[in-house]
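Now for the letters of each chain:
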Amino acid sequence: MSASAAARPPAPESTAGRDTSRPVPFPRAARAVFDLALEGMVWSRRSLLMAILLGLPIAFGLLFRGVIVSRLPPRMTAFDLYGFVIAIYYIRNALPLAALFYATALIADEVDGRTITYLLTRPVRRGAILFGKFAAYLVTTACLTLPAVVITFFLLTTTRGWTGVGARVPDLFRDLGVVVLTLLAYGAFFTLMGVLLRRPVIPGLLFLFVWELVANLPGYMPRLTITAYLRSLIRHRPPDEGLAEIFGQVLPTALCLEALGAMIVVFLAAALWIFAAREYVLEQ
Amino acid sequence: MTRSRTVVLGSAMIVGAGALVALGAIYLDPARAAVGPLPPQALSLPAGTRFVMGLDVKRFVASPFYARYSGAAGASARPQAFAELEEKTGLNPERDIDQVYVAGGQVPSGPRADGLVVVTGRFDRYKVARAIETEHKGVTSKTVQGITVYLFNEDRSGRGTGAAAFLDDSTIVLGAQSAVEQTVAARARGDVPLRNNTALLSLIESVKPGSTFWMVGDQTLLANMPKSLPAPGGPGSSQSLELPALKSLVVTGDLDPQVSLDLTGETGDEVAAKNLADVVRGFVALASLQANQKPELKQLASAVSVSTEATRVHVAARFPYELLDSIQPRRAPASASQPSSTP
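Bear in mind that the values here come from a model prediction, so they are computed numbers and not experimental data. (Residues numbered from 1 in each chain as written. Chains lettered and ligands numbered in written order. Predicted model: local features only at pLDDT ≥ 70, side-chain atom pairs only at ≥ 80, totals over all residues.)

Counting its secondary structure elements, chain A contains 13 helices and one strand. Starting at the N terminus and walking to the C terminus, you meet the elements of chain A as α-α-α-α-α-α-α-α-α-α-α-α-β-α. By residue count, 44% of the 284 residues in chain A fall in the buried class. For chain A, the share of sequence-separated contacts (at least 6 apart) that also reach a separation of at least 24 residues comes to 86%. (Helix = DSSP H or I, 4+ residues; strand = E, 2+ residues; numbered from the N terminus. Buried ≥ 20, exposed ≤ 12 C-beta atoms within 10 Å, placed from the backbone. Contact = placed C-beta atoms within 7 Å.)

This is the structure:
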């Protein structure tokens, strides 16, 4: 949300009948922040880049249908390829990256742009600000990802006609759910990093591409990562190499849902607590 | 409406339309069946069934596997046998048979086999019935619930070594007499005894729909599997590998564009699942070690992946046809001209 938008005086009808000595009620405030943040997020250079990143599988699907499937000896079925796109591209790489670049910027951008002061001086609770911005992040990334997943699914699974597509549909719905859960879990974690750290991108990248490799280790170590739970929720198991091939394990679905739910709540609550308590002093 | 709302609405419309098309695909998919891949007719199978196997003949015949290996196995014999069958019964298996299901294990320790084969497709009932009556000696028939059951080699007590019957115009059931009669009677009454076997049905529901072939079995069937394997030390070694008992096994496979095999075995507990996974990984590792002598085995080892999910062990294998060709023994160059050289 830009500073000018935040500093814009509220509409007369919104103040009519409201006790101006008290902050705007949480739902109304969160909704207003959501609307403003969504407008700023959807139409941004960051979203353009993310749309390209998250929409790449569509281009690949078209390429596969048009060129690859007819010219190369097939090594895997089109559904295997779709599973590879979901498991390796989206769940392990693209979605965590999208979450990193959006969620760490929810508050950090306001601090960097020195507009946080204008935002915090509005008569809205800090929780409503964070909640509205997080909801805008979730809607923006879901709007970029879910259509791409659906289109990629149909592009790849109908390569040899519609026979058997119905059998794959439950996997599509499951994948859509896991995609949203991925955005929620990583979004909550990177929102926490965004309010906790001044420069959260580099630590976030290290977390994604160093710490998350722990998911390939044996024993209970994978349970200390986010990706192990998300990988276990999808049914696609593309062949791995190295440690992942040797020690690959799939965690129980109930455990994954419980762990991810707990992570989302804890990360968001911690982010909210830090954001509400922190005093932002801007450098001159 | 703001620009961002337009984007959100457009995105929601794409996802919604995709979901509708996907649901339509489920509803209109010809592979849709009563329970998992089983057609409604097969639910008349006895409740005591312990394993069921299925083969999608259409997919099998259309697969590269059939094109490659059926010709190589007997290019001259196969069409002749099919031609004879077609002449006698009007049935061309490649064209007329859709699915074959094999079920059995009702009395695993019993002296008589009780296997059943259910074949669905398009049959000329008159020609098939006439072929059964005229081509086999000792064929008699009886009527069960208004349906004719053909008995093969019926003895004085009225029991045959086998039986066959039409469940309807598109379904033939063959197998042990008692099992065929039970199935026919259940079908005539509209009963679905297999629905009472909830354990087996839950396994059947877990079969990946659209598979070319599949098999499910419960612990009764798997109790006859070996409990241990010789250790890698060789036959002379006194050590052996203990295999954890399997409670159930689900196998699904596809043949196009490569041979894909997915096995899911359920063990008693997580430790047993990990042990079993380790045993399988051990064999894959052994294959990898052999890669120095046989480079094609390196690819074979990487084609198999093993994972565990609580008490389940999942083995996925993907074999490209080039790999299968490379590990097959080389055929004699003269094989191509064999038909002309054979007296």
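That shown, we press on.
Here the focus is the nonpolar core. V33, L95, A99, A185 and F189 of chain A are the most contacted members of the largest nonpolar core, which totals 91 residues. By size, the runner-up hydrophobic cluster in this structure holds 41 residues, among which are L38, I97, V184 and V250 of chain B. (Core = buried A, V, L, I, M, F, W, Y, C linked by C-beta atoms within 7 Å.)

Attention now goes to the confidence of the model for chain B. Residue and element names in this part refer to chain B. Overall, the prediction assigns chain B a mean pLDDT of 77, with 77% of residues at 70 or greater. Of all the helices and strands in chain B, helix α13 (residues 338-341) carries the lowest mean pLDDT, 42, while strand β1 (residues 51-56) carries the highest, 90. Confidence drops under a pLDDT of 50 for residues 107-111, and excluding neighbours within four residues, the segment shows five contacts in the predicted structure. Note on residues 334-343: pLDDT under 50 across the span, and two contacts to partners over four residues away in sequence or across chains. Confidence estimates for the predicted assembly give a pTM of 0.59 and an ipTM of 0.85. (pLDDT = per-residue confidence, 0-100.)

Attention shifts here to the confidence of the model for chain A. Looking at chain A, pLDDT values average 85 and 85% of them are 70 or higher. Low confidence marks residues 1-14 of chain A, where pLDDT is under 50. Its contacts with residues over four positions away, or in another chain, come to 18 contacts.

Before going further, it helps to spend a moment on unusual backbone geometry. Phi angles above zero are rare outside glycine, and R114 of chain A is one such case at about 60°. Structurally, R114 of chain A is set in the loop between α6 (105-112) and α7 (116-120). With a phi close to 55°, A310 of chain B is a non-glycine residue in the positive phi region. By the secondary structure assignment, A310 of chain B is in the loop between β13 (304-309) and β14 (312-319).

On to the packing of helix α9 (residues 165-196) of chain A against helix α1 (residues 3-28) of chain B. As a packed pair, α9 of chain A and α1 of chain B sit with axes 7 Å apart at the nearest point and diverge in direction by 135°. Classed by the angle they form, the pair α9 of chain A and α1 of chain B counts as oblique. Crossing angle aside, the handedness with which α9 of chain A passes α1 of chain B is left-handed. Residue-level inspection shows V165, G166, V169 and L172 of chain A of α9 of chain A in contact with α1 of chain B, the latter providing A22, A25 and I26 of chain B. Grouping the amino acids of the contact of α9 of chain A with α1 of chain B by side-chain chemistry returns six nonpolar, one polar and no charged. (Axes fitted to C-alpha atoms, helices over the stretch in contact; angles between N-to-C directions. Parallel < 35°, antiparallel > 145°, perpendicular 65-115°, else oblique. Left-handed = near helix turned anticlockwise from the far one by under 90°. Nonpolar A, V, L, I, M, F, W, Y, C, P; charged D, E, K, R; others polar.)

Turning our eyes to something else, we now look at the packing of helix α8 (residues 126-157) of chain A against α1 of chain B. Closest axis-to-axis distance for the α8 of chain A/α1 of chain B pair is 9 Å, and the angle between their directions is 30°. Looking at the two axes, α8 of chain A sits roughly parallel to α1 of chain B. Note on packing geometry: the crossing formed by α8 of chain A with α1 of chain B is left-handed. Of the residues in α1 of chain B, those touching α8 of chain A at V139, C143, L146, P147, V150 and F154 of chain A are V7, V8, S11, I14, V15 and G18 of chain B.

A few words now on the pairing of strand β6 (residues 162-168) of chain B. One face of the sheet, then the other: side chains in a regular strand alternate in exactly this way. Residue and element names in this part refer to chain B. For strand β5 (residues 147-152) and β6, the ladder comprises four bridges, and the chain directions are antiparallel. Within β6, the position partnered with Y150 by the bridge is A164. Pairing of β6 with strand β7 (residues 171-175) involves five bridges; the strand directions are antiparallel. When the sheet's bridge partners are listed, A165 is paired in β7 with V173. Hairpin connection of β6 to β7: two residues between the antiparallel strands. (Pairing = 2+ DSSP bridges.)

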